[in-house]
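Survey of secondary and tertiary structure
One-letter residues, chain by chain:
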Amino acid sequence: VLWRLIYTCRLVIPMNPSTIPTLDEYRTLTGEIRDQVAQVPGVTAVARTLTAPFQFTGGGKCCWGQVVEAPENAEDLIRLSMHPVDAAYFDATGTRILAGGVWTESTTYEAPYPVVINESLAIRFFGSAGAAIGRSLPNQDEFAHEIVAVANDTRHYGLDSETDVAMYLPYE
């Protein structure tokens, strides 16, 4: 397949304590919506995310980010784009997994938390996609994580944007 038609739809479900009192109930509700959308004729894949591809185009960036020290120079700071996604996101968007494997729902709730990073980040910090598996990024002590997979680079913020260094976090 040379191209794939991907349609994204932004659906905002505010977490209002009077209607959705707990995070588990919010996850259940968004999961039920995902399952209903998946049953629409013609839909082949559905995923949940907090930052949809191309949502912030024209130079815009989402607020989900983390600053990490560059491996070659600790005084050089790199903005790491963080994308909360569910495990189905990679298939739904055609994002290929180059090394490792995506988390499962049963592995998302205990530290170290599984994350997927993109190839640019893997090469910059670890030399290759394969070398990143089982490792963690430096200076992330408040977020105990383990790299379980490396995905191909994407242009999350638009076709006219540069490829960012990115980390995908479980949104399950």
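The structure we're discussing is the one just above.
To keep things clear, this report deals only with the structure shown in the data block.

The rules we used
- Residues numbered from 1 in each chain as written.
- Predicted model: local features only at pLDDT ≥ 70, side-chain atom pairs only at ≥ 80, totals over all residues.
- Heavy atoms only, no water.
- Core = buried A, V, L, I, M, F, W, Y, C linked by side-chain atoms within 4.5 Å.
- Buried < 20%, exposed > 50% of the residue type's maximum accessible area, 1.4 Å probe, protein only.
- Helix = DSSP H or I, 4+ residues; strand = E, 2+ residues; numbered from the N terminus.
- Contact = heavy atoms within 4.5 Å.
- Salt bridge = Lys/Arg side-chain N within 4 Å of Asp/Glu carboxyl O.

A few words now on the nonpolar core. Formed by 20 residues in total, the largest nonpolar core has its most connected members in L80, I117 and M167. Secondary structure elements with two or more residues in this core: β1 (65-70), β2 (73-85), β4 (113-118), α3 (119-126), α4 (129-132), β5 (145-151) and β6 (166-170). When residues of this core are assigned to their parent elements, the largest contribution, four residues, is made by α3. Residues in contact with I117, not counting those within four places in the same chain, are A122, F126, A132, I147, A149, V150, A151, A166 and M167. Core analysis: the next-biggest nonpolar cluster, separate from the first, contains 10 residues, F90, V148, A151 and A166 among them.

A few words on the pattern of salt bridges. One pass over the full model with this rule turns up four salt bridges. Here D24 makes a salt bridge to R27, at a shortest N to O gap of 3.2 Å. Of this pair, D24 and R27 both sit in helix α1 (residues 23-38), three residues apart, which is roughly one turn of the helix. Under the relative-accessibility criterion, R27 is labelled partly exposed at 23%. For R34, the salt bridge goes to D86, with nearest N and O atoms at 3.5 Å. Of this pair, R34 sits in helix α1 while D86 sits in the loop between β2 and α2 (89-93); the two residues are 52 residues apart in sequence, bridging distant segments of the chain. Given the relative accessible area of 21%, R34 is considered partly exposed.

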